[in-house]
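In case you want the letters, here they are:
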Amino acid sequence: MEPGAMATPHPSECCGTTTLDPDARSCLEGLLERQLRRALAATAVPSLVNAAAGDEADRAAAYEAWGAQLQQMARAASEASLLLEALTRLREQPIGFGRCERCGAPIPFARLLLLPATRVCTHCAH
């Protein structure tokens, strides 16, 4: 750090509340549910349409597009898993949700709104 530069305070030094109030929990629960529905909708297995039609280049292009769709589906399934895990933690352990798993500090609500499945505060994420 450069001389005279201000150190960024650790979240435990600057965050107010240590638990989420009922309105914040409800807001996060709704957000997690919406994101989970969206992620689950993207996990539908793509069909390999017209893969047998056309020449070899057409078939290669169809298989390449199908492979890209499968990769996107796998990412969506991974995201859905993280969101479901976060939603379960929020519902089963509402007091501990929103606390950093590394340092125990409260995770700022703004961070939870951006990354509702996060388990760590901004400080520990870096």
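In this text, all values refer to a predicted model and were calculated from it rather than measured experimentally.

### Observations regarding the overall build of the protein chain
Each helix and strand counted, the protein chain has 5 helices and 0 strands in total. Secondary structure elements in the protein chain, listed N-terminal to C-terminal, are α-α-α-α-α. The contacts in the protein chain between residues at least 6 apart in sequence include a share of 60% that link residues at least 24 apart.

### Some points on the side chain of Gln-35
Position of Gln-35 relative to the elements: it lies in helix α2 (residues 22-41). In contact with Gln-35, other than residues within four places in its own chain, are Leu-83 and Pro-116.

### Focus on the confidence of the model for the protein chain
Summarising the model, the protein chain shows a mean pLDDT of 82, and 80% of its residues fall at 70 or more. The low-confidence segment residues 1-18, where pLDDT is below 50, has 19 contacts with residues more than four positions distant or belonging to other chains.

### Structural notes on α2
Taking 1.5 Å of rise per residue, the 20 residues of α2 would be expected to cover 28 Å, and the 28 Å separating its terminal C-alpha atoms lies within 8% of that figure. Where α2 is concerned, the buried positions are Ala-24, Leu-28, Gly-30, Leu-31, Leu-32, Gln-35, Leu-36 and Ala-39. Against α3 (56-92) and α4 (109-114) lie the buried residues of α2. Between a side-chain oxygen at the N-terminus of α2 and the backbone nitrogen of Asp-23 the separation is 3.0 Å; the capping residue is Asp-21.

### With respect to the packing of α2 against α3
Packing of α2 against α3 brings their axes to within 9 Å, and their N-to-C directions diverge by 155°. Classified by the interaxial angle, the pair formed by α2 and α3 is roughly antiparallel. Considering the relative orientation of α2 and α3, their crossing is left-handed. Between α2 and α3, the contacting residues are Arg-25, Leu-28, Glu-29, Leu-32, Glu-33, Gln-35, Leu-36, Arg-38, Ala-39 and Leu-40 on the first element and Ala-76, Glu-79, Ala-80, Leu-83, Leu-84, Ala-86, Leu-87, Leu-90 and Arg-91 on the second. Taken together, the residues that form the contact of α2 with α3 break down as 12 nonpolar, 1 polar and 6 charged.

The rules we used
- Residues numbered from 1 in each chain as written.
- Predicted model: local features only at pLDDT ≥ 70, side-chain atom pairs only at ≥ 80, totals over all residues.
- Heavy atoms only, no water.
- Helix = DSSP H or I, 4+ residues; strand = E, 2+ residues; numbered from the N terminus.
- Contact = heavy atoms within 4.5 Å.
- pLDDT = per-residue confidence, 0-100.
- Expected span 1.5 Å × (residues − 1).
- Buried < 20%, exposed > 50% of the residue type's maximum accessible area, 1.4 Å probe, protein only.
- Polar contact = N/O pair within 3.5 Å; in protein donor to acceptor, adjacent residues only side chain to side chain.
- Axes fitted to C-alpha atoms, helices over the stretch in contact; angles between N-to-C directions.
- Parallel < 35°, antiparallel > 145°, perpendicular 65-115°, else oblique.
- Left-handed = near helix turned anticlockwise from the far one by under 90°.
- Nonpolar A, V, L, I, M, F, W, Y, C, P; charged D, E, K, R; others polar.

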